[in-house]
Amino acid sequence: MTEWVIPLSDLWFDAEETAAAVAVLERRWLSSGPELAALEDEFAAACGVAHAIAVANGTAALHLALLAVGVSAGTEVVQPALNFVAAANMTQRLGAIPHFVDVASLDDPTLDPDGVVRAINDDTSAIVVMHYGGLAGRMEELLDVAARTGVPIVEDACHAVGGRYRRSTRPVGALGDVGCYSFFSNKNLACGEGGMVTTDREDIAEKVRSLRSHGMTSLSWDRFRGHASSYDVTEHGFNYRLDDLRAAIARVQLAKLAAGNDRRRALAAEYEVGLRRIGWQLVNAGAEESSWHLAVAVAPDRARRDQARDRLLSARIQTSLHYPCVADFEVFGSPLAGDLRTTRTFVDRAITLPMFPALTASEVRSVVATIESGGTGLV
Ligand SMILES: *Cc1c(COP(=O)(O)O)cnc(C)c1O
């Protein structure tokens, strides 16, 4: 494994996560049980939603959310071309067709509402909005489109746990019909593999709860506690459950989330100052309400972005690209897509820089100095 001087991301774990995991091992109930129930209650309270349903990962959350809002074979799901591939893959797995739309601007690389209006037609069954890097998409305009057309909104909030929408107290993921989160290792709230579906809609919650566990009417935990002795199967479901070991770790992480996101915000401010000085731009600069999952910088041009990637690699500072244009992946063939000009410019000029709660301000200055000069700037 490469030894990075500064990795792209790092877990923010301490003795509490270890103690929580050990307590589950000692309780000897590993699968979905009391920790899971507590996590769901705490997550629902934190998001101000009626229902939080834990699942195995963020992709499972998207799969179930798309199913629950009624995405079916042959319909179209409007979604950003700048996203992780999960939403598009799940769309395709349902037999539906991803309809890729451009992002709004280099500084707001979330779904362009005008592009959404152009893409919507009688076959549209859902809109997926992705809160890029932790900053909410243009929900006001998108909710307006949804209200006018009756098309449901699925929020891919995998970057945005703990983020809010503008000045509103409403967290992202709680704005559309259903919100999807991931607790993968590099996310703001991490437990290895894990995810959550949030909704205020009773019908969606019921569907997701059923589909996550085989379409069965009771869980092993219910039967163990004597709350049920048998079950029926009412639909062809999946096993998308989250286990108690991971749920216990996620509960500790949820309690620390606001503090971690505050640290990320302070580091983003440090990046902003440094990047502006060298003529680069930090995406979502100054966004108080962002969860700051990612620090993404936009270079003045592609050559300088590529040069920075090389310089940072030589200094053993890890970078990434969020993301390649989804519509260009081979698997989507000739995709249904609008004009993706802004997405393509963004993909050419963006670079993801290290961002995690334990990163220091002086490390941020080193990253910027390395982009500028090629020297490591490390002290
Ligand atoms: C991480 C992520 C996913 C998938 O989540 P998994 O837990 O890895 O399945 C989906 N969408 C976005 C935007 C993500 O960042």
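Quick caveat, the model's predicted, so the values are computed rather than measured.

**Description of the sheet that holds strand β8 (residues 281-282)**
Read across the open sheet, the three strands follow the order β8-β9-β11; overall the sheet is antiparallel. The sheet is open, and its two edges are formed by β8 and β11 (350-353), each paired on a single side. Summarising the sheet, β8 and strand β9 (residues 295-298) pair through two bridges and their orientation is antiparallel. When the sheet's bridge partners are listed, L282 is paired in β9 with A297.

**Considering the site of the ligand**
Around the ligand sit 15 residues, and of these G58, T59, D156, S182 and K187 come closest. The contact in question runs from an oxygen atom of the ligand to an N or O atom on the side chain of T59, over 2.5 Å. Within the side chain of H159, a nitrogen or oxygen atom sits 3.1 Å from an oxygen atom of the ligand. For the ligand, whose free accessible area comes to 380 Å², the fraction covered by protein is 92%. Among the elements that make up the shell around the ligand, the one with the highest residue count is helix α3 (residues 58-68) (three residues). Classifying every residue of the shell around the ligand by side-chain character gives six nonpolar, seven polar and two charged.

**Side note on the packing of helix α2 (residues 34-47) against helix α9 (residues 244-277)**
For the pair α2 and α9, the least separation of the axes is 8 Å and the interaxial angle reads 30°. Considered as vectors, α2 and α9 are oriented roughly parallel to each other. Crossing handedness for the pair α2 and α9: left-handed. On α9, the residues touching P34, E35, L36, A38, L39, E42, F43 and A46 of α2 are D244, A247, A248, A250, R251 and L254.

**Points about unusual backbone geometry**
Here the bond from H322 into Y323 is cis, since omega is 5°, no more than 30 degrees from zero. Structurally, Y323 is set in the loop between α10 (302-314) and β10 (336-337). Of note, W292 is a non-glycine position whose phi angle comes to about 50°, a positive value. Within the secondary structure layout, W292 lies in the loop between β8 and β9. Positioned with a positive phi, R316 is a non-glycine residue whose angle comes to about 55°. In this structure, R316 sits in the loop between α10 and β10.

**Some thoughts on α3**
One full turn of an α-helix is made of 3.6 residues, so residues set three or four places apart face in the same direction. Counted residue by residue, α3 has nine buried out of eleven residues, so it is predominantly covered. Among all positions of α3, only G58, A60, A61, L62, H63, L64, A65, L66 and A68 are buried. Its side-chain oxygen placed 3.1 Å from the backbone nitrogen of T59, N57 serves as the N-cap of α3. Downstream of α3 by a residue or two, G70 has a phi angle that is positive, lying close to 100°.

**What to know about the pattern of salt bridges**
Counted under the stated rule, the structure contains 25 salt bridges. One salt bridge in this structure joins D306 and R305, with 2.9 Å as the shortest N-O distance. Each member of the salt-bridge network shares a partner with another, and the members are R27, E35, E42 and R251.

**What to know about the pairing of strand β4 (residues 124-130)**
On a regular strand, each side chain points to the face opposite its neighbour's, so the side chains alternate between the two faces of the sheet. Burial of β4 is extensive: seven of the seven residues sit out of reach of the surface. The pairing of strand β2 (residues 76-80) with β4 spans three bridges and is parallel. Opposite V78, over in β4, you have I127 as the bridge partner. Taken together, β4, helix α6 (residues 139-149) and strand β5 (residues 153-156) form a β-α-β motif whose crossover is right-handed.

Procedures and definitions
- Along each chain, residue indices are assigned from 1 in the same order as the chain's sequence is written.
- It should be noted that, the model being predicted, local features are given only for residues of pLDDT at least 70 and side-chain atom pairs only at 80 or more, the latter also being counted only at that level, while totals for whole chains, interfaces and linings use all residues.
- To obtain the side-chain values, all non-hydrogen atoms of the structure were included, while hydrogens and water were left out.
- Paired strands, in this sense, are two strands between which DSSP finds at least two bridges.
- Counting from the N terminus, the helices are DSSP H or I runs at least four residues long and the strands are E runs at least two residues long.
- Note on definitions. A residue lies near a molecule or strand when any single heavy atom of the residue is within 4 Å of it.
- Under this definition, polar contacts are N or O atom pairs within 3.5 Å; protein pairs additionally need one hydrogen-donor-capable and one acceptor-capable atom, and for neighbouring residues in sequence, both atoms have to be side-chain atoms.
- Each accessible area is a Shrake-Rupley result for a 1.4 Å probe, and residues are judged covered by the shown protein chains and nothing else.
- Ten residues, namely Ala, Val, Leu, Ile, Met, Phe, Trp, Tyr, Cys and Pro, are considered nonpolar, four, namely Asp, Glu, Lys and Arg, are considered charged, and the remaining ones, Gly among them, are considered polar.
- Angles run from 0 to 180 degrees between N-to-C directions of axes, and those axes are lines fitted to C-alpha atoms, restricted for helices to the stretch in contact.
- An angle counts as roughly parallel when it lies under 35 degrees, as roughly antiparallel when it exceeds 145, as roughly perpendicular when it falls between 65 and 115, and as oblique in every other case.
- The sense of a crossing depends on the near helix, which, turned anticlockwise from the far helix by less than a right angle, makes the crossing left-handed and, turned clockwise, makes it right-handed.
- Contact definition: two residues touch when any of their heavy atoms are within 4.5 Å.
- The cut-offs for exposure are 20% and 50% of the maximum accessible area for each residue type, with area from a 1.4 Å probe on protein chains only; residues under the lower value are buried, those over the upper are exposed, and the others partly exposed.
- For this analysis, a salt bridge means a side-chain nitrogen from Lys or Arg found within 4 Å of a carboxyl oxygen belonging to Asp or Glu.
- Seen with its strands pointing away from the viewer, a crossover is right-handed when the path leading from the first strand over the helix to the second is clockwise.

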